[in-house]
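Here is how the chains run, residue by residue.
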Amino acid sequence: PPPVPPPVPPPVDPRSWVTKTHEPGYCALYDICGHRKDGDVLPCPNNTKAQPPSDVLAKKLQATCPSLWSEQGGAAGHYCCTPQQVDKLATDTSKVAPFTVGCPACLHNFIQLWCVLTCSPDQATFLNVTSVQLAADNNVTAVQQVDIWMNQDFTDDLYNSCKVQVSRQRLCVQISRTRSFTHSK
């Protein structure tokens, strides 16, 4: 007999997935739940406590997010990401490197921003899942949209660390767009 297809999941109610706990030590996202139609990954809406790192995650965080690793106490810390999320982060942030040649502070700060957004154990204090969707590849509930709260000093410092370098590069447009999506607490 042919295999029975999996049941169709019930409709997703976005109100049930808005991040409820906005406290230190909590995640708003955790793991990868599927892929969009274009193949890019979608994180899971998971408002859970940050987790201690596995050996694999520890090695990946040390290589990709050394500042966050150090700030959180290394292996004694807790994190809101999986090894697969750090792999994606490393791949995505490596695309910026050619635009920041000659400005290591800009590259460091840009990578640190994505490390914090992806892995900080206090992620739920500055990130809120506002809507969810079904992943195109597996119909699992995944994040569709988030709000990110950053204070103005943080966004200004990031922008200023890259301003001189990016004024000669196209990355300036990307950073300017990113700035427009930030919110102050």
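Residues numbered from 1 in each chain as written. Predicted model: local features only at pLDDT ≥ 70, side-chain atom pairs only at ≥ 80, totals over all residues. Heavy atoms only, no water.

Engineer: Looking at this structure, I do not really get the state of the cysteines. What am I missing?
Structural biologist: Disulfides are covalent bonds that connect the sulfur atoms of two cysteines. Using the criterion set out here, one finds five disulfides in the structure. Here C33 pairs with C44 through a disulfide, and the sulfurs are 1.9 Å apart. The disulfide joining C33 to C44 has a torsion of about 115° about its S-S bond and is therefore right-handed. One end of the pair, C33, is in strand β1 (residues 29–35); the other, C44, is in strand β2 (residues 41–45), and 11 residues separate them in sequence. Accessibility expressed as a relative area gives 15% for C33, which makes it buried. A relative accessible area of 9% places C44 in the buried class. (Disulfide = S-S within 2.5 Å. Helix = DSSP H or I, 4+ residues; strand = E, 2+ residues; numbered from the N terminus. Buried < 20%, exposed > 50% of the residue type's maximum accessible area, 1.4 Å probe, protein only.)

Engineer: Is there a simple way to think about the side chain of Q123 in this case?
Structural biologist: Looking at the secondary structure, you find Q123 in the loop between α4 (104–119) and β3 (127–134). We classify Q123 as buried; its relative accessible area is 0%. Separated by 2.8 Å, the side chain of Q123 and the backbone nitrogen of L29 make a polar contact. Within the structure, Q123 has its side chain in polar contact with the backbone oxygen of L117 (distance 2.9 Å). Q123 has contacts with Y26, C27, A28, L29, C80, L117 and T118, leaving out every residue within four places of it along the chain. (Polar contact = N/O pair within 3.5 Å; in protein donor to acceptor, adjacent residues only side chain to side chain. Contact = heavy atoms within 4.5 Å.)

Engineer: Even after reading the chapter, I still don't get the packing of helix α3 (residues 83–94) against α4, so can you show me in this structure?
Structural biologist: Helix-helix packing: each pair is described by the crossing angle between the helix axes and the interaxial distance. In the contact formed by α3 and α4, the axes pass within 11 Å of each other and the chain directions differ by 155°. On the basis of their axis angle, the class for α3 and α4 is roughly antiparallel. When the axes of α3 and α4 are compared, the crossing they make is right-handed. Every residue of α4 that contacts α3 at Q85, V86, L89 and T93 is listed here: F110, I111, W114, C115, T118 and C119. Its residues assigned to classes, the contact of α3 with α4 shows seven nonpolar, three polar and no charged. (Axes fitted to C-alpha atoms, helices over the stretch in contact; angles between N-to-C directions. Parallel < 35°, antiparallel > 145°, perpendicular 65-115°, else oblique. Left-handed = near helix turned anticlockwise from the far one by under 90°. Nonpolar A, V, L, I, M, F, W, Y, C, P; charged D, E, K, R; others polar.)

Engineer: Quick question: what am I supposed to make of the pairing of β1 here?
Structural biologist: Put simply, side chains in a regular strand alternate between the two faces of the sheet. One ladder, built from four bridges, connects β1 with β2; its direction is antiparallel. By the bridge assignment for β2, H35 is matched with V41. Where β1 hands over to β2, the hairpin turn is made up of five residues, of which G39 adopts a positive phi near 95°. (Pairing = 2+ DSSP bridges.)

Engineer: Even after reading the chapter, I still don't get α3, so can you show me in this structure?
Structural biologist: Given 3.6 residues to a turn, an α-helix orients residues that are three or four positions apart in the same direction. Helix length check: α3 (12 residues) gives 16 Å between terminal C-alpha atoms against 16 Å at 1.5 Å per residue, within 8%. Of all the positions in α3, only P83, Q85, V86, L89 and T93 are classed as buried. The arc that holds the buried residues of α3, viewed along the axis, is 155°, so those residues lie on one side. (Expected span 1.5 Å × (residues − 1). Arc of directions from axis to C-beta.)

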